[in-house]
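Overview (structure and organization)
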Amino acid sequence: MALVNEHFLKLADNYLFSDIAKKVNAYKVTHPKAKVISLGIGDVTRPLPQAVLEAMHKAVDEMGKAETFRGYGPEQGYSFLTEAIIKNDYATRGISLDNNEVFINDGAKSDTGNIGDILRHDNSVGVTDPIYPVYIDSNVMAGRAGTLEGNRWSNIVYIPCTAENDFVPDLPSRRIDILYLCFPNNPTGTTLSKEHLKTWVNYALANDVLILYDAAYERYIRDPKIPHSIYEIRGAKKVAIEFRSFSKTAGFTGVRCGYTVVPKELNGFTLAGKKIALNHLWNRRQTTKFNGTSYITQRGAEAVFSPEGAAQVKENIDYYMANARLLKKGLEDCGMKVFGGDNAPYLWMQTPDRISSWKFFDQLLYNVAIVGTPGVGFGPSGEGYFRFTAFGSRENTEEALERFRKWI
Ligand SMILES: *Cc1c(COP(=O)(O)O)cnc(C)c1O
């Protein structure tokens, strides 16, 4: 008899975005002529940069000839890519990393979920709230979240980020072993200053907390004072793993490539208190459970760092960020309270009169056929907020604003 992992049974079946899809489909059935505009998607819409395409075409051709064919590559990724990452993403910010501290993967979602493999089931977990749902759900699966009480898991420490604290998380009052931070943040679109991030790194250093830092949106940062990497803070290599992705930065959501940085000086502990290098454990995990990202994909990712690639990536991000500015100004002109959007492709709006975020979702859909994401779907502190994304086309963004203006 195969016994199942019963922790899975604690998870709700319906996932936020399938709930939304159901509601939108029901609306479309009763309003077949309406043109629905989605400002809800967390997926990019601009095609891959030309430089990436060319590199991938070339790699495909190499795979077709015996002399240049490649089979299994290193599980950790090819050094041409890890070297390009270190040189362009880290050395430029004064951070030195070794080749074997960077692990190429098939996207940040996989590794933010998989990292729990090397951590005991009874660590206590802290998350800023609201948050990317993968962090909590993957801990539920591992039995690390406890039981669901109302809309909170008993062994998860929720650290609110709301307008009341300017979206800067306060240090937790309860002891945590593992902390997820994501900045620029999905869903709030807000960032942490260097001073605030330093507070967290120092807290982690003083309390032996492991920080899992998700920097999937770092390329959207416009303000030169905001840190792109947690390793810009002194001492962070002793406490933090950093996740990054080519998905939102270079349009790789369908291609799949990201990377995880596990510094060699970062330790976890055995129950008896012995220090264990997490880099070693993660390498061991990857070499058993992962067989590398495809060569073609890694050549495409490498091209993101070529002068042409970098310019094309910047053009796409500028396009999204122009949408973000347009949306933010337009919504504010309508009297809305809007946060984020300055250094991230997400806008976080307070619902009018703080009505529930699902109620506002229905109103927006049925009055003006616009789809967004209810804030409460990202955690209890998201109630009373609504997420818009800047990933739509300019035309749709403008039309959505026009409809919103007329309605409000
Ligand atoms: C989109 C996103 C990712 C990236 O996911 P991939 O698996 O790399 O496509 C990671 N973290 C957050 C918070 C995201 O929104």
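Look up: the structure comes first, before these words.
Let me begin by describing the structure that accompanies this report. (Residues numbered from 1 in each chain as written. Predicted model: local features only at pLDDT ≥ 70, side-chain atom pairs only at ≥ 80, totals over all residues. Heavy atoms only, no water.)

Let's talk about the pattern of salt bridges
When their charged atoms lie close together, side chains carrying opposite charge are able to pair. Summed over the entire model, instances satisfying the criterion amount to 23 salt bridges. The residue Asp 98 makes a salt bridge to Lys 264 at a minimum N-O spacing of 3.0 Å. Taken together, the positions of Asp 98 in the loop between α3 (79-90) and β2 (102-105) and Lys 264 in the loop between β10 (258-261) and β11 (267-269) put the pair 166 residues apart, joining distant regions of the chain. Its relative accessible area of 39% is what places Lys 264 among the partly exposed residues. Within the structure, one salt-bridge network assembled from shared partners comprises Asp 89, Glu 218, Arg 219, Glu 242 and Arg 244. (Salt bridge = Lys/Arg side-chain N within 4 Å of Asp/Glu carboxyl O. Helix = DSSP H or I, 4+ residues; strand = E, 2+ residues; numbered from the N terminus. Buried < 20%, exposed > 50% of the residue type's maximum accessible area, 1.4 Å probe, protein only.)

Observations regarding the packing of helix α11 (residues 357-368) against helix α12 (residues 394-407)
As a packed pair, α11 and α12 sit with axes 10 Å apart at the nearest point and diverge in direction by 100°. Relative to α12, α11 is oriented roughly perpendicular. Judged by residue contacts, Phe 360, Gln 363, Leu 364, Asn 367 and Val 368 of α11 engage Arg 403, Phe 404 and Trp 407 from α12. Grouping the constituent residues of the contact of α11 with α12 by class yields five nonpolar, two polar and one charged. (Axes fitted to C-alpha atoms, helices over the stretch in contact; angles between N-to-C directions. Parallel < 35°, antiparallel > 145°, perpendicular 65-115°, else oblique. Contact = heavy atoms within 4.5 Å. Nonpolar A, V, L, I, M, F, W, Y, C, P; charged D, E, K, R; others polar.)

Observations concerning the nonpolar core
Of all hydrophobic cores here, the largest spans 94 residues; its most connected members are Leu 81, Ile 85, Ile 230, Phe 246, Leu 331 and Phe 388. The element best represented in this core is helix α10 (residues 307-333), accounting for eight residues. What Phe 246 contacts, discounting residues up to four positions off in sequence, is Leu 81, Ile 85, Gly 251, Phe 252, Cys 257, Gly 258, Tyr 259, Ala 301, Val 304 and Phe 305. Core analysis: the second largest hydrophobic core is formed by 28 residues, Ile 118, Leu 119, Ile 136 and Tyr 180 among them. (Core = buried A, V, L, I, M, F, W, Y, C linked by side-chain atoms within 4.5 Å.)

Some thoughts on the packing of aromatic side chains
When we look at a pair of aromatic rings, we describe it by the centre distance and by the angle of the planes. Counted under the stated rule, the structure contains 26 aromatic pairs. With centroids separated by 5.2 Å and ring planes inclined at 75°, the aromatic side chains of Tyr 217 and Tyr 346 adopt a geometry described as edge-to-face. In this pair, Tyr 217 sits in the loop between β8 (210-214) and β9 (240-245) while Tyr 346 sits in strand β14 (residues 346-350), placing the two residues 129 residues apart along the sequence. Here Tyr 217 and Tyr 346 have matching classes, each one buried. Over the aromatic face of Tyr 158 sits the side chain of Arg 152, whose NZ or CZ is 5.4 Å from the ring centroid. A cation sits over an aromatic face here: Arg 354 above Tyr 385, 5.0 Å from the ring centre. (Phe/Tyr/Trp six-rings, centres within 6.5 Å; stacked < 30°, edge-to-face > 60°. Lys NZ or Arg CZ within 6 Å of the ring centre and 35° of its normal.)

Quick notes on unusual backbone geometry
Here the amide bond leading from Asp 129 into Pro 130 is cis, since omega sits at 5°, within 30 degrees of zero. Positionally, Pro 130 belongs in the loop between β3 (125-129) and α5 (134-141). Residue Pro 187 is bonded to the preceding Asn 186 through a cis peptide linkage, with omega at 20°. Looking at the element boundaries, Pro 187 is found in the loop between β7 (178-182) and α6 (194-207). Positive phi is not limited to glycine here, since Arg 256 has a value of about 80°. Secondary-structure assignment places Arg 256 in the loop between α7 (247-250) and β10. We classify Arg 256 as partly exposed; its relative accessible area is 29%.

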